[in-house]
Amino acid sequence: MTSTASALGRATGRARPPDRRKLADNLTGWGFAGPATLIILGFSLVPMAWALALSFTDSDLMSGGRNVGLDNYRALVADPVFHQALRNTGLLLFCYLPASLAAGLLVAVLLNRKVRGIGFYRTCFLVPYIASATSAGLLMGYIFDRDFGLLNGMLVKVGLPAQGLLSSPSQAMLVLTVIFFWTRFGFTVVIYLAALQEINKEILEAAAIDGAGRWAVFRHVIVPSVRHMTVFLAIWGVIDVLQFFDLVMTTTKGGPANATVTIVYYIWQLAFTYFTAGYGAAVAYTLFAGTLLLVVTGLLVARRRGAMR
């Protein structure tokens, strides 16, 4: 009887009555997802829209300020600190990303073996990543301190001259790159390790039977099998580097002489130290546009080369 009524409704062009059970399921789903959705809208999209409007003003966060049009964005062209922040962030990206991907895959291959104590070794690489950035920054600030640091103490004991390290304009950013690598490297290893465990063992066995050596298996089997994860980690790494803030805050605070100031740290300075929130919002949206451009370009290149489906 019901099927006959449905067929008659379709034949006469009338829509079927709504399924009450489906409607109830949708309402239940939105009941659970609704609060989280409101939180995301309230704490993400609304502040983003407010910051965009703020970037066209000379607001100091205490007042709305007056509309200055595109003056904040034009000022970026002649801002030497902004250019320095771009160079520092670019140096970090250039040094960290290739080293992290290459070393992360090699270490993951080594940790993908069944040896005694392998769980302990895997944990050792993960601990720096899950440790708080504040504790890592304070620890590394002690190790790399110019006057009382552990590293300089060891250098002096073996007869080598002490280094400026975090107090040297020529060394500070490289030292921060090493610290950043140490704190983030574990995530790359874990993701690659998960990808390696998904590779079909029969493929590896077939390659070994065909006479392929370890390097040939690594190059022609392992690397192509994890390329989708490489794309993910590359994009994740770009976003992570462009958001680099916490270690700068706990170690150098952008010094010496702006040698370690990064884009996000500069945004924080503009908004909460110099109280030029409008200009800081313009820098933030410039960073957002640059990040979006890099991510979209990376995805298009990866898709064209077949690294993504």
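If you're wondering where the values come from, they're calculated on a predicted model, not measured in any experiment.

A. Highlighting unusual backbone geometry. Going from G255 to P256, the amide bond is cis rather than trans, its omega being -5 degrees. Looking at the element boundaries, P256 is found in the loop between helix 12 (246–250) and helix 13 (263–272). Non-glycine residue N258 carries a positive phi angle of around 65 degrees. With respect to the helices and strands, the residue N258 is situated in the loop between helix 12 and helix 13.

B. Highlighting the packing of aromatic side chains. Here the structure, examined in full by the defined rule, presents 15 aromatic pairs. For the pair Y96 and F180, a centre-to-centre distance of 4.7 Å together with 75 degrees between the ring planes defines the contact as edge-to-face. Here Y96, found in helix 4 (residues 80–111), pairs with F180, found in helix 8 (residues 172–196); they are 84 residues apart in sequence, far enough to count as distant. Accessibility assignment for this pair places Y96 and F180 in one class, buried. Residues F120 and Y121 carry aromatic rings whose centres are separated by 5.8 Å and whose planes lie at 65 degrees to one another, so their mutual orientation is edge-to-face. For F120, a relative accessible area of 57% puts it in the exposed group. Aromatic ring contacts, followed pair by pair, group Y96, F125, F180, F181, F185 and F244 into a single cluster.

C. Structural view of the packing of helix 6 (residues 133–143) against helix 8. Across the interface, helix 6 lies against helix 8 with an axial gap of 11 Å and an inter-helix angle of 140 degrees. Relative to helix 8, the element helix 6 is oriented oblique. Here helix 6 and helix 8 pass one another in a crossing that is right-handed. Counting all contacts with helix 6, which are made through A136, L139 and M140, the residues of helix 8 involved are I179, W182 and T183. Counted by class, the contact of helix 6 with helix 8 contains 5 nonpolar, 1 polar and no charged residues.

D. Structural detail: the pattern of salt bridges. Scanning all chains against the criterion turns up 5 salt bridges. Across the pair D58 and R66 runs a salt bridge whose closest N-O atoms are separated by 3.2 Å. For D240, the salt bridge identified is with R184, shortest N-O distance 2.8 Å. Taken as a pair, D240 in helix 11 (residues 227–242) and R184 in helix 8 lie far apart in primary sequence, 56 residues in all. When sorted by exposure, D240 lands in the same class as R184, which is buried. Put simply, R184, D240 and D246 are held in one network by salt bridges that share partners.

Basis of the calculations
Residues numbered from 1 in each chain as written. Predicted model: local features only at pLDDT ≥ 70, side-chain atom pairs only at ≥ 80, totals over all residues. Heavy atoms only, no water. Helix = DSSP H or I, 4+ residues; strand = E, 2+ residues; numbered from the N terminus. Phe/Tyr/Trp six-rings, centres within 6.5 Å; stacked < 30°, edge-to-face > 60°. Buried < 20%, exposed > 50% of the residue type's maximum accessible area, 1.4 Å probe, protein only. Axes fitted to C-alpha atoms, helices over the stretch in contact; angles between N-to-C directions. Parallel < 35°, antiparallel > 145°, perpendicular 65-115°, else oblique. Left-handed = near helix turned anticlockwise from the far one by under 90°. Contact = heavy atoms within 4.5 Å. Nonpolar A, V, L, I, M, F, W, Y, C, P; charged D, E, K, R; others polar. Salt bridge = Lys/Arg side-chain N within 4 Å of Asp/Glu carboxyl O.

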